[in-house]
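# Fold and contact review
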Amino acid sequence: MALPDLLSAETVLGSLSATNRKQALQMISEAAAAKLGLDSRIIFDAVMERERLGSTGVGDGVAIPHARLEGLDHVFGLFAKLKNPIDFDAIDGRPVDLVFLLLAPETSGAEHLKALARISRVFRREDIRSHLRATETRDGMVAILTLQDESNAA
């Protein structure tokens, strides 16, 4: 699953003001719930349950919180750039300012894992991370994520 299938300008949040991991995940869950027509508490609880297993802060200022949800019928992505980096208990100890939320149907197996792998590959690239940090517009962020992903989809 490629990022263009997951993202649009409506699922990108720029300059999100959060002061800690819990608040950031709550704000992101609320935004996802509004797009999906689901209860934000269900999303937040599922994401926090996953966080309790181990932080989704993957390093280099990036977090990829993810969860499987009952009642969801497709894989969904939402990207947020935080106004100020926050402690996410990331594996490298660095604060996080780029967050990609991935939600998948409870029954999805390979599709969820493939999307997670794709997101991880995109965010491993320093050029993409620095371009995202330098871009202020939603359309610009979508273009960076989707065009770079399409060029590396092979």
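To be clear, the structure that these remarks concern was listed above.
If you're wondering where the values come from, they're calculated on a predicted model, not measured in any experiment. (Residues numbered from 1 in each chain as written. Predicted model: local features only at pLDDT ≥ 70, side-chain atom pairs only at ≥ 80, totals over all residues. Heavy atoms only, no water.)

### Considerations on the nonpolar core
By size, the foremost hydrophobic cluster in this structure holds 30 residues, and its most contacted members are Ile 28, Ala 32, Ile 43, Val 47, Leu 78, Leu 101 and Leu 103. Those elements that provide at least two residues to this core are β1 (12-16), α1 (21-36), α2 (40-53), β4 (66-69), β5 (76-86) and β6 (96-105). In contact with Ile 43, other than residues within four places in its own chain, are Ser 29, Ala 32, Ala 33, Leu 36, Leu 38, Leu 69 and Leu 103. By size, the runner-up hydrophobic cluster in this structure holds 23 residues, among which are Leu 7, Phe 79, Ile 128 and Met 141. (Core = buried A, V, L, I, M, F, W, Y, C linked by side-chain atoms within 4.5 Å. Buried < 20%, exposed > 50% of the residue type's maximum accessible area, 1.4 Å probe, protein only. Helix = DSSP H or I, 4+ residues; strand = E, 2+ residues; numbered from the N terminus. Contact = heavy atoms within 4.5 Å.)

### A few points about the pattern of salt bridges
Scanning the entire structure with this criterion turns up eight salt bridges. We note a salt bridge from Glu 136 to Lys 81, for which the minimum N-O separation is 3.8 Å. With Glu 136 in the loop between α4 (126-134) and α5 (138-151) and Lys 81 in strand β5, this residue pair connects regions lying 55 residues apart in the sequence. In this structure, a network of salt bridges that share partners links the residues Asp 60, Arg 94 and Arg 129. (Salt bridge = Lys/Arg side-chain N within 4 Å of Asp/Glu carboxyl O.)

### Side note on α1
The terminal C-alpha atoms of α1, which comprises 16 residues, lie 22 Å apart, in line with the 22 Å expected from a rise of 1.5 Å per residue. Buried positions along α1 lie against β1, α2, β5 and β6. N-cap assignment for α1: the residue whose side-chain oxygen lies 3.2 Å from the backbone N of Lys 22 is Asn 20. Once α1 ends, the next one or two residues include Gly 37, with phi positive near 70 degrees. (Expected span 1.5 Å × (residues − 1). Polar contact = N/O pair within 3.5 Å; in protein donor to acceptor, adjacent residues only side chain to side chain.)

### What about the environment of Asp 87?
On the secondary structure map, Asp 87 appears in the loop between β5 and β6. Here Asp 87 falls in the exposed class, since its relative accessible area comes to 57%. For Asp 87 and Asp 97, which are 10 residues apart along the polypeptide, the C-alpha to C-alpha distance reads 9.2 Å. Once residues lying within four places of it in the same chain are set aside, the contact partners of Asp 87 are Arg 21 and Pro 95. In terms of polar contacts, Asp 87 uses its side chain to reach the backbone amide nitrogen of Asp 89, at 3.0 Å.

### Description of α2
With 14 residues, α2 should cover 20 Å at 1.5 Å per step; its first-to-last C-alpha distance of 20 Å lies within 8% of that length. The set of residues buried in α2 consists of Ile 43, Phe 44, Ala 46, Val 47, Met 48 and Glu 51. Considering only its buried residues, α2 is in contact with α1, β4 and β6. Near the N-terminus of α2, the side chain that reaches the backbone nitrogen of Arg 41, with its oxygen 2.8 Å away, is that of Asp 39. Where α2 ends, the next residue or the one after it, Gly 54, has phi of about 160 degrees, a positive value.

### Observations concerning unusual backbone geometry
Most peptide bonds take the trans form, and the phi angle of most residues other than glycine is negative. Here Ser 15, not a glycine, exhibits a phi torsion of approximately 55 degrees, which is positive. Its place among the elements puts Ser 15 in strand β1. Judged by its relative accessible area of 40%, Ser 15 falls in the partly exposed class.

### Quick look at the packing of helix α3 (residues 110-124) against α4
Geometry of a packed helix pair, given as the angle between the helix axes and the separation of the axes. With their axes 5 Å apart at the nearest point, α3 and α4 run at an angle of 80 degrees to one another. Regarding the angle of α3 to α4, the classification is roughly perpendicular. For the pair α3 and α4, contact is made by Val 122, Phe 123 and Arg 124 and by Glu 126, Ile 128, Arg 129 and Leu 132, respectively. The residue inventory of the contact of α3 with α4, partitioned by class, reads four nonpolar, no polar and three charged. (Axes fitted to C-alpha atoms, helices over the stretch in contact; angles between N-to-C directions. Parallel < 35°, antiparallel > 145°, perpendicular 65-115°, else oblique. Nonpolar A, V, L, I, M, F, W, Y, C, P; charged D, E, K, R; others polar.)

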